[in-house]
There are 2 protein chains.
Amino acid sequence: MSFLLITGNATLDIVNVVDHYPQEDEEMRAEQQWTATGGNAATMAKILAAQLHRCDFVGVIATDAAGDCIAATLTEKSVGLDYAPRLTGKSPVSYITLNQQNGSRTIVHHRAVEELMADAFCQIPVERYDWLHFEGRNVAELAKMLAYARENIIDQPISLEIEKDREGLEALIEQVDLVMFSRAYAHKQGFMDAEIFLRDRQEKHGKVWMTCTWGEQGAWAIDQLGEVFHAPALRVNVVDTLGAGDVFNAGLVHALATGQLLEEALHHAVKMAGRKVAEQGIAL
Amino acid sequence: MSFLLITGNATLDIVNVVDHYPQEDEEMRAEQQWTATGGNAATMAKILAAQLHRCDFVGVIATDAAGDCIAATLTEKSVGLDYAPRLTGKSPVSYITLNQQNGSRTIVHHRAVEELMADAFCQIPVERYDWLHFEGRNVAELAKMLAYARENIIDQPISLEIEKDREGLEALIEQVDLVMFSRAYAHKQGFMDAEIFLRDRQEKHGKVWMTCTWGEQGAWAIDQLGEVFHAPALRVNVVDTLGAGDVFNAGLVHALATGQLLEEALHHAVKMAGRKVAEQGIAL
């Protein structure tokens, strides 16, 4: 198993399960509610640790009660927090409306605490890790972290998740080995076809491995030779898509870190995401 | 000034202000966030106390941190809590998405604690109050509370808010003097016109005073002789409709309790609600 460094966000997720998505101005009851530790990087770290990788999470954890809870959950799941700074402030919270009819998850995120700064990251002995993964956020600081990582590792892979449109983020692609795009991001760039999107991005940013998830159509990947692979989604009854992207990304890192080829890894990741959306929550 | 008993719900409101209402499955950031003590009855009690009425709130307050906070806020606003039972459990929370473009408030409510039971209510020396108001919920228990109140008061008015469709609720109208209906409720009964709705309900339930709010069209009222009044809404830039119904109801009770006629009270209540929707939050 590998030793992984996962950098990004940890949040408190408050999930309200509803029997339909509320119309604007409606007032309705939640059928069910739970809270969980969320955030893309923290969720990936939990899943990878459950697959018996050694896994360190780097990201800000606030000093409030929710932060204590997030830290306790990650520790319980064997995620290392030695490099996760505890900063004064309120934990970021994602208020999630989960429609049990179709598994859609609508997220209103509130964030008041500082982002992870490169100063904190650049204390980490990154050379010890077999794989480094980054959530694509806070672009200016992330650029410094990637530069520091590149200087201090030999040839360990670096992966980058690009889920949301943030100015300057794509310029960082040249620093990494694998980029995970989301369908929402491809749509925002004006693409309605994953393969065309991936070819276009590779033309722009060079021969980097890239993936793009595409919901009920599965996911696509492109390798350094420009070969495109597609893995169709499992046919399941979709009940909860929350965190499906994180499960996909974790599945991909797991498979690649354990020696699978890109095409195999893509199929593995899609299968894991398919199992996830068929069940409520993320079983670890 | 009067001595008022306000019976119903107290909640923690978590208000996320957004720049548009999220599409289903979207992920977005809140521009701003605040928490406040909400719930229709608790909000009415706060407003009426701020207008210098003596005001007691009766409703379950949970024993968790949010419940402490709700109790502290009400006490600070001079709302009496002598008859509000503190029960073990989690405070009800309303997760509110406030669209700053048009002031709409979409509410997903989560409730785990017990409702107020008639046993607790029937300990209250109701004869001391000048006015008794009830939120229309928990029908079976509410019927017992109304029967107890009727037995123990002389001729003090009783008002009832009917905001949501709950089985058997309309049968209680004959026990009260004033019913406040919401537009959402009238719509649910198949009515698109407030006046026709009020005439229909009076025909069904007898010569009780009734009002119905109608958003940007103001509100309507019908008196015991079947005369219908309309008060048009103020022309304001709507930024926050959260609690507008509670402000209307409080305005109505305030005006009637201080001797105004139904028509005057309707205009006063509509004006108060109009001022509220033009401002963020409820200034007390």
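What you see is a predicted model, and the numbers here were worked out from it, not measured in a lab.

Conventions used here
- Residues numbered from 1 in each chain as written.
- Chains lettered and ligands numbered in written order.
- Predicted model: local features only at pLDDT ≥ 70, side-chain atom pairs only at ≥ 80, totals over all residues.
- Heavy atoms only, no water.
- Least-squares fit on C-alpha atoms with pLDDT ≥ 70 in both.
- Contact = heavy atoms within 4.5 Å.
- Helix = DSSP H or I, 4+ residues; strand = E, 2+ residues; numbered from the N terminus.
- Buried < 20%, exposed > 50% of the residue type's maximum accessible area, 1.4 Å probe, protein only.
- Expected span 1.5 Å × (residues − 1).
- Arc of directions from axis to C-beta.
- Buried area = accessible area lost by both parts, 1.4 Å probe.
- Salt bridge = Lys/Arg side-chain N within 4 Å of Asp/Glu carboxyl O.
- Polar contact = N/O pair within 3.5 Å; in protein donor to acceptor, adjacent residues only side chain to side chain.
- Nonpolar A, V, L, I, M, F, W, Y, C, P; charged D, E, K, R; others polar.
- Pairing = 2+ DSSP bridges.
- UniProt positions renumbered as here; feature names shortened; annotations may be inferred.
- Axes fitted to C-alpha atoms, helices over the stretch in contact; angles between N-to-C directions.
- Parallel < 35°, antiparallel > 145°, perpendicular 65-115°, else oblique.
- Left-handed = near helix turned anticlockwise from the far one by under 90°.
- Phe/Tyr/Trp six-rings, centres within 6.5 Å; stacked < 30°, edge-to-face > 60°.
- Lys NZ or Arg CZ within 6 Å of the ring centre and 35° of its normal.

A word on the relation of the copies chain B and chain A. Each copy superposes on the other: chain B lies on chain A with an RMSD of 0.0 Å after a rotation of 180° and an axial shift of 0.0 Å. Taken together, the rotation and translation relating the two chain copies correspond to the operation of a two-fold axis. Proximity to the rotation axis, assessed at the C-alpha, singles out B:Y95 in chain B; its C-alpha lies 3.9 Å from the axis. Take the interface residues of chain B: 100% of them recur as interface residues in chain A, which is what a same-surface contact looks like.

Residue and element names in this part refer to chain B. Mapped onto the elements, N40 comes out in helix α1 (residues 40-50). For N40, a relative accessible area of 11% translates into the label buried. Along the primary structure N40 and A250 are separated by 210 residues, whereas in three dimensions their C-alpha atoms are 9.9 Å apart.

Residue and element names in this part refer to chain A. Taking 1.5 Å per residue, twelve residues should reach 16 Å; helix α2 (residues 65-76) reaches 16 Å between its end C-alpha atoms and fits that length. Listing the buried residues of α2 in full gives A66, G67, I70, A71, T73 and L74. An end-on view of α2 places all buried positions within 165° of arc, on one side of the element. The exposed set on the far side of α2, more than 90 degrees from its buried face, consists of A65, T75 and E76.

What follows deals with the interface of chain B and chain A. Taken residue by residue, the interface counts 33 residues in chain B and 33 residues in chain A. Buried area between chain B and chain A, both sides added, is near 2800 Å², and the carbon and sulfur share of it is 45%. Where chain B packs against chain A, one counts six salt bridges. Summed over the shared surface of chain B and chain A, the result is 30 residue pairs in polar contact (both at pLDDT 80 or more). Mapped by element, the contributors of at least two residues to the side of chain B that touches chain A are β2 (11-18), β3 (27-29), β4 (32-38), β9 (93-99) and β10 (105-110) of chain B. Sort the elements by how many residues they give to the side of chain B that touches chain A and β10(B) lands first, with six residues. Considering only residue class, the side of chain B that touches chain A consists of nine nonpolar, eleven polar and 13 charged. The pairing of strand β10 (residues 105-110) of chain A with β3(B) spans three bridges and is parallel. Looking across to β3(B), one finds that A:H109 is bridged to B:R29.

Further remarks concern the UniProt feature "domain: Carbohydrate kinase PfkB" (unreviewed entry) in chain A. Annotation from UniProt places "domain: Carbohydrate kinase PfkB" (unreviewed entry) at residues 4-281 of chain A. The distance from the first to the last C-alpha atom of residues 4-281 of chain A is 24 Å, and the span holds 32% helix and 26% strand.

Residue and element names in this part refer to chain B. Remark: α1 packs on helix α7 (residues 244-257), axes separated minimally by 9 Å, with the N-to-C direction vectors making an angle of 50°. Considered as vectors, α1 and α7 are oriented oblique to each other. The crossing of α1 and α7 is right-handed. Along the contact surface, α1 presents N40, T43, M44, I47 and L48, while α7 presents D246, V247, N249, A250, V253 and H254.

All names here are of chain B. An order of β7-β5-β1-β11-β12-β13-β14-β15-β16 is seen for the nine strands of this open sheet, with the pairing classed as mixed. Each end of this open sheet is capped by a strand with a single partner; those strands are β7 (79-80) and β16 (228-231). Strand direction decides the pairing type here: strand β14 (residues 209-213) and strand β15 (residues 219-222), joined by four bridges, are antiparallel. Each bridged residue has a counterpart across the sheet, and for T211 the counterpart in β15 is A221. Strands β1 (3-7), β11 (131-135) and β12 (158-162) of the sheet are contacted by helix α4 (residues 139-152), whose axis makes an angle of about 175° with β11.

With that settled, consider unusual backbone geometry. Residue and element names in this part refer to chain B. Even without a glycine there, the phi angle at S78 is positive, about 70°. Not every positive phi belongs to a glycine, and N138 is a case in point at roughly 55°. Looking at the element boundaries, N138 is found in the loop between β11 and α4.

Residues and elements named next belong to chain A. What the nine strands build is an open sheet, ordered β7-β5-β1-β11-β12-β13-β14-β15-β16; its pairing is mixed. For this open sheet the edge positions go to β7 (79-80) and β16 (228-231), each flanked by a neighbour on one side alone. Of the pairings in the sheet, the one linking strand β12 (residues 158-162) to strand β13 (residues 178-181) comprises four bridges and is parallel in character. Its bridge partner being in β13, E161 is matched across the sheet by M180. Relative to the sheet, helix α7 (residues 244-257) contacts β1 (3-7), β11 (131-135), β12, β13, β14 (209-213) and β15 (219-222), its axis offset from that of β13 by approximately 160°.

One face of the sheet, then the other: side chains in a regular strand alternate in exactly this way. Pairing of β15(A) with β16(A), which is carried by four bridges, proceeds in the antiparallel orientation. Residue A:A221 lies in a different strand from β16(A), and its bridge partner there is A:F229.

With that settled, consider α7(A). Residues and elements named next belong to chain A. For α7, spanning 14 residues, the distance from its first C-alpha to its last is 20 Å, which sits close to the expected 20 Å at 1.5 Å a residue. Most of α7 is tucked away: twelve of the 14 residues are buried. Listed in full, the buried residues belonging to α7 are A244, D246, V247, F248, N249, A250, G251, L252, V253, H254, A255 and L256. Among the residues trailing α7, G259 stands out with phi positive, at a value near 95°.

Each aromatic ring pair is summarised here by two numbers: the centre-to-centre distance and the angle between the ring planes. Residues and elements named next belong to chain A. As enumerated under the stated definition, the model contains 16 aromatic pairs over all chains in all. Look at F121 and F134: their rings are 5.4 Å apart centre to centre, the planes differ by 55°, and that puts the pair in the tilted class. Of this pair, F121 sits in helix α3 (residues 118-121) while F134 sits in strand β11; the two residues are 13 residues apart in sequence, bridging distant segments of the chain. With relative accessibility at 1%, the residue F134 sits in the buried group. Residues F181 and Y185 carry aromatic rings whose centres are separated by 5.6 Å and whose planes lie at 20° to one another, so their mutual orientation is stacked. For F181, a relative accessible area of 3% translates into the label buried. The exposure class assigned to Y185 is buried, which follows from its relative accessible area of 3%. An aromatic cluster is built from F181, Y185, F191 and F197, whose rings are joined through pairwise contacts. Above the ring of F3, the side-chain terminus of R54 is found at 3.8 Å from the ring centroid.

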